[in-house]
Amino acid sequence: MYSCFGIWLLLLVLHTRTLAVVAWRERRNVLFIMADDLRTSLGCYGDAVAKTPNIDQLASRSQVFLNAFAQQAVCAPSRTSMLTSRRPDTTRLYDFNSYWRTHSGNYTTLPQYFKSRGYHTMSVGKVFHPGIASNHSDDFPYSWSAPAYHPPSFRYEKEKMCKGEDGKLHANLLCAVNVAEQPGGTLPDMESTDEAVRLLKSRADDDTPFFLAVGFHKPHIPFRIPQEYLSLYPIGEMTLAPDPDVPTLLPPVAYNPWADVRRRDDVQKLNISFPYGPIPKDFQLRIRQHYYAAVSYVDAQVGRLLGALDGLGLADSTVVVLCSDHGWSLGEHGEWAKYSNFDVATRVPLIFYVPSVTSWSTWLQDSTFPFIDVVTQPQLRFENNKVTRNVVELVDVFPTLSHLAGLEAPKRCPDISFQEELCTEGDNMASALRHQERKQNEEAISFSQYPRPADTPQVNSDLPDLEDIKIMGYSLRSWDYRYTLWLGFNPKTFQVNVSDVHAGELYMLADDPGQDKNIYSVFDHSLMMAKMTSLPRKQSPLYGPHLRASAPFSPGAEKTFLTQTVSRFGGKKAERPETPFTSHTTFISTFRFLPYDPFELCFRIIH
């Protein structure tokens, strides 16, 4: 008896391993879920306040990237960057007012790549940013097999739909509603979920693989959400941000004055001074309550969608990705909304579920993603099975998802890639799903940027039009620091002037995880120069003194340069610095947003 059981168990193991090998080879369906303005306020990211059992359940069967960052913390630039796998300096989209195919280059998008490989591609809700940024068509017919679906009730989002204390309707920030009283008795994300489920049903028995992208509008403001989700977060249990004050040494150019929040009727009534005037604490608590409630509302829609995928028997043949376009400040640094380079604005959830790779289905398992009613079962918690702590970027999604779905990942872009239709400026992270992360990768870097119209906060600081951009804040995030330089920018030539340094920020995360203590102005310049002199000069024409004081950014070359430079310290991998300033020295020598001599850049920053 025991012998038969052993043979059966061995055959089961061999069968499972065979399925795992096949899983890496065959083409998989793709369910690509994107939320709008969703920071890492999720249970699976360690947020004890958040009640997100459906997303947490997905995470428990997935690879969870704990430190993923957007390339620009605003909708259109971030979405265009992620979906083309090109950085904003390649798409040349920093606002909402241009279409990359005519403005910079005819770059292939993620869904377009799948479509060209025989997939049926579908878009529901907000995937591309609507309007000019996606040619008023969500990039149809390039990216999609059929025109994108937008929920009809979204037309009411910017109208006066929120009942105030006076009984009248207002365009408020805080807008929890009785759904039955809304037009059509529904809300946009509910409609999007309904349509996505309908599309899944239509593809269930089709042999053609599908790529279904579903973009939820929440937790983007206004917080027009079903009122029952507020009950999950009693106002008496809400707390303020741990660092609600504007940091003393924060450069004015770095500050986000949250103009879109200020424009809401209920916020205008507070008569808050511009730009730094704090929101009253009781209203801050209500904003945080409504944001978390909006996140739980999105969790419910994700649960409905995954439950349908599971119920149709598609969970074992579909790769699921869940991500966001960027984060959202909830009072940290005295800021609200996105529009900055801080972690709270750039860090995003990034979750990959790959059947038979990140999770195993067995005959004993009834369901992979049973729907959980977050309103009645908010206490359910799950443990992450597979996590990656090293820094990754949203430009990595395109090559990674292509590989995981069974396609060949696009090749790496050359330094100048405006004429390259298909390539990636990101990294293929698929190996992270096969191999357990062993240690922190000191060379893993995320690059973000944000434009500003002036050195001090203006009414258009959050979202300046291209022609108004005068300064570009380039930011590097490693596992132990965030470093930002605010440099002069010419919007007509797209050139950055490295000799025109407006401000700098340096935060050492071991002692300052909230990024509240800017030590840029107090680091030891002599130590930096001593370290710099130990680096051999490159003999490439890219590094000669003949270069102009301003030069166009060469996208995609930063990580290669970083790795090469760090490895030159003593001809081996750089050891951990003994002081924060040494870490800064290592960094400044690698801050190559442009093809510029790092010695000269260093000299210009100091002098």
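Please read these numbers as outputs of a predicted model, since none were measured by experiment.

Below, the discussion takes up helix α7 (residues 188–203). If you check α7, its first and last C-alpha atoms are 23 Å apart, about what 16 residues at 1.5 Å a residue would give, namely 22 Å. Of all 16 residues that make up α7, 12 are buried, and the element is covered over most of its length. Restricting attention to buried positions, one finds in α7 the residues P188, D189, M190, E191, S192, T193, E195, A196, V197, L199, L200 and R203. Here the buried face of α7 lies against β3 (120–125), β7 (210–215), β8 (223–226) and α10 (281–311).

Next up on the list: unusual backbone geometry. Residues F140 and P141 are joined by a peptide bond in cis, for which omega reads 10°. Within the element layout of this structure, P141 appears in the loop between β3 and β4 (162–163). For the bond from K218 to P219, the omega torsion is 10°, close enough to zero to count as cis. One non-glycine residue, H136, adopts positive backbone phi at about 55°. Locating H136 in the fold gives a position in the loop between β3 and β4. Given the relative accessible area of 63%, H136 is considered exposed. The backbone phi angle of Y339 is positive, close to 65°, even though this residue is not glycine. Tracing the sequence through the fold places Y339 in the loop between β11 (336–337) and α11 (343–346). Since its relative accessible area comes to 7%, Y339 is described here as buried.

Across the protein, the average pLDDT comes to 86, with 81% of residues at or above 70. Confidence drops under a pLDDT of 50 for residues 12–25, and excluding neighbours within four residues, the segment shows 16 contacts in the predicted structure. Every residue in residues 528–607 scores below 50 in pLDDT, and together they form 162 contacts with partners more than four places removed in sequence or on other chains.

Turning to the pattern of salt bridges, a few remarks are in order. The final tally for this structure, using the stated rule, is 16 salt bridges. For E332, the salt bridge goes to R39, with nearest N and O atoms at 2.9 Å. Of this pair, E332 sits in the loop between β10 (329–330) and β11 while R39 sits in the loop between β1 (29–35) and α2 (53–60), and the two are 293 residues apart along the sequence. For the pair E332 and R39, one class covers both residues: buried. Two residues, D139 and R101, come together in a salt bridge whose shortest N-O distance is 2.8 Å. One end of the pair, D139, is in the loop between β3 and β4; the other, R101, is in helix α5 (residues 100–103), and 38 residues separate them in sequence.

Attention shifts here to the packing of α7 against α10. Where α7 contacts α10, the axes come no closer than 9 Å and their chain directions differ by 10°. Judged by the inter-axis angle, α7 sits roughly parallel to α10. Contact residues: D189, M190, T193, D194, A196, V197 and L200 in α7; Y297, V298, Q301, R304, L305, A308 and L309 in α10. Classifying every residue of the contact of α7 with α10 gives nine nonpolar, two polar and three charged.

What follows concerns the packing of aromatic side chains. Taken as a whole and judged by the stated rule, the model has 22 aromatic pairs. Aromatic side chains Y291 and W328 sit 5.6 Å apart centroid to centroid with 15° between the ring planes, which places their arrangement in the stacked category. Taken as a pair, Y291 in helix α10 and W328 in the loop between β9 (318–324) and β10 lie far apart in primary sequence, 37 residues in all. An aromatic cluster is present here, built from F32, Y99, W100, Y113, F114, Y119, F128, W144, F211 and F398 joined pairwise through their rings. Of note, R86 hangs over the ring of Y107, and the distance from its end group to the ring centre comes to 4.1 Å. The ring centre of F418 lies 4.5 Å from the NZ or CZ of R92, which sits over that ring.

This part is about the environment of D500. Counting through the fold element by element, D500 comes out in strand β18 (residues 495–508). The exposure class assigned to D500 is partly exposed, which follows from its relative accessible area of 31%. Taking C-alpha positions, D500 is 5.7 Å from L487, a pair spaced 13 residues apart along the chain. Aside from chain neighbours lying at most four places away, what touches D500 is W486, L487 and G488.

Right, let's get into the pairing of strand β15 (residues 446–452). For β15, the tally of buried residues reaches seven of seven residues, placing the bulk of the element in the interior. In this structure, β15 lies alongside strand β16 (residues 471–477), joined through seven bridges in antiparallel fashion. In the strand pairing of β16, P451 is matched with M472.

The rules we used
Residues numbered from 1 in each chain as written. Predicted model: local features only at pLDDT ≥ 70, side-chain atom pairs only at ≥ 80, totals over all residues. Heavy atoms only, no water. Helix = DSSP H or I, 4+ residues; strand = E, 2+ residues; numbered from the N terminus. Expected span 1.5 Å × (residues − 1). Buried < 20%, exposed > 50% of the residue type's maximum accessible area, 1.4 Å probe, protein only. Contact = heavy atoms within 4.5 Å. pLDDT = per-residue confidence, 0-100. Salt bridge = Lys/Arg side-chain N within 4 Å of Asp/Glu carboxyl O. Axes fitted to C-alpha atoms, helices over the stretch in contact; angles between N-to-C directions. Parallel < 35°, antiparallel > 145°, perpendicular 65-115°, else oblique. Nonpolar A, V, L, I, M, F, W, Y, C, P; charged D, E, K, R; others polar. Phe/Tyr/Trp six-rings, centres within 6.5 Å; stacked < 30°, edge-to-face > 60°. Lys NZ or Arg CZ within 6 Å of the ring centre and 35° of its normal. Pairing = 2+ DSSP bridges.

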